[in-house]
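# Structural overview
Letter by letter, the chains look like this.
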Amino acid sequence: MTKILTGGVGKVEVTRVIDALGLDSLDVATSSDLDAAMKFRAGQVDFYLGTCHTGAGASLGVLVGLMGSAACHTFGRGVPDAAEIDALLADGKKVFGFSMDQVDTIAPLMARAIAAHG
């Protein structure tokens, strides 16, 4: 089972959207960036999806600082396609940020790509 934590101002919405997909291989829960960072260090989580108003990384600050920018990616206000997400996952990205007004579009793309990435 792949564990995803959600954080930032839209964390409840991201969790709701992913849960509604019914992907049995994913376990998603709300969190904070600090809690997620500690769980990454302990090997208790696989991915983090953070949301803020701009998608430029405010919800990822602690994680970028702790894990390094090589593990993190922000989409900003852009909407990625499945191929871009797949490439980022293949590159080892574990922490993603996007704007909260893109939750209904990006959260399902991310969840499906993570589930397929296994």
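This text gives an overview of the structure that appears in the document.

Thresholds applied
Residues numbered from 1 in each chain as written. Predicted model: local features only at pLDDT ≥ 70, side-chain atom pairs only at ≥ 80, totals over all residues. Heavy atoms only, no water. Salt bridge = Lys/Arg side-chain N within 4 Å of Asp/Glu carboxyl O. Helix = DSSP H or I, 4+ residues; strand = E, 2+ residues; numbered from the N terminus. Buried < 20%, exposed > 50% of the residue type's maximum accessible area, 1.4 Å probe, protein only. Pairing = 2+ DSSP bridges. Axes fitted to C-alpha atoms, helices over the stretch in contact; angles between N-to-C directions. Patch = residues over 30% accessible without salt bridge, like charges linked within 9 Å, V, L, I, M, F, W, Y side chains within 5 Å. Areas by Shrake-Rupley, 256 points an atom, 1.4 Å probe, with all protein chains shown as cover. Contact = heavy atoms within 4.5 Å. Core = buried A, V, L, I, M, F, W, Y, C linked by side-chain atoms within 4.5 Å.

Inspection of every chain in the model, using the stated rule, returns three salt bridges. Here K3 and D27 are joined by a salt bridge, their closest N and O atoms 3.3 Å apart. Within this pair, whereas K3 is found in strand β1 (residues 2–8), its partner D27 is found in strand β2 (residues 26–30), the two being separated by 24 residues in sequence. Two residues, D35 and K39, come together in a salt bridge whose shortest N-O distance is 3.4 Å.

Before going further, it helps to spend a moment on the environment of C72. Among the secondary structure elements, C72 is positioned in strand β4 (residues 72–74). The exposure class assigned to C72 is buried, which follows from its relative accessible area of 9%. Expressed as a C-alpha distance, the spacing of C72 and G92, which sit 20 residues apart in the sequence, is 8.8 Å.

Let's shift gears to the sheet that holds β2. Taken in spatial order, the five strands of this open sheet run β2-β1-β3-β5-β4, and their pairing is parallel. Whereas interior strands pair on both sides, the edge strands pair on one side only; in this sheet they are β2 and β4. Averaged over all adjacent pairs, the angle separating strand axes in this sheet is 20 degrees, with direction ignored. Examined bridge by bridge, strand β3 (residues 47–52) and strand β5 (residues 95–99) share five bridges and lie parallel to one another.

Bringing a nonpolar patch on the surface into the picture now. A contiguous nonpolar surface patch, about 280 Å² in accessible area, is contributed by L34, M38 and V62. Within the secondary structure layout, L34 lies in helix α2 (residues 33–41).

Relative to the assigned elements, T2 resides in strand β1. T2 has contacts with S25, L26, D27, D46, F47 and I114, leaving out every residue within four places of it along the chain.

Our focus in this paragraph is the nonpolar core. Judged by nonpolar contacts, the single largest core of 21 residues is most densely connected at I18, L49, F75, F96 and M110. The set of elements that each furnish at least two residues to this core consists of α1 (11–21), β2, β3, α4 (82–90), β5 and α5 (103–117). Looking at this core element by element, the count peaks at seven residues for α5. The contact partners of M110, leaving out residues within four places of it in the chain, are L49, F75, I85 and F96.

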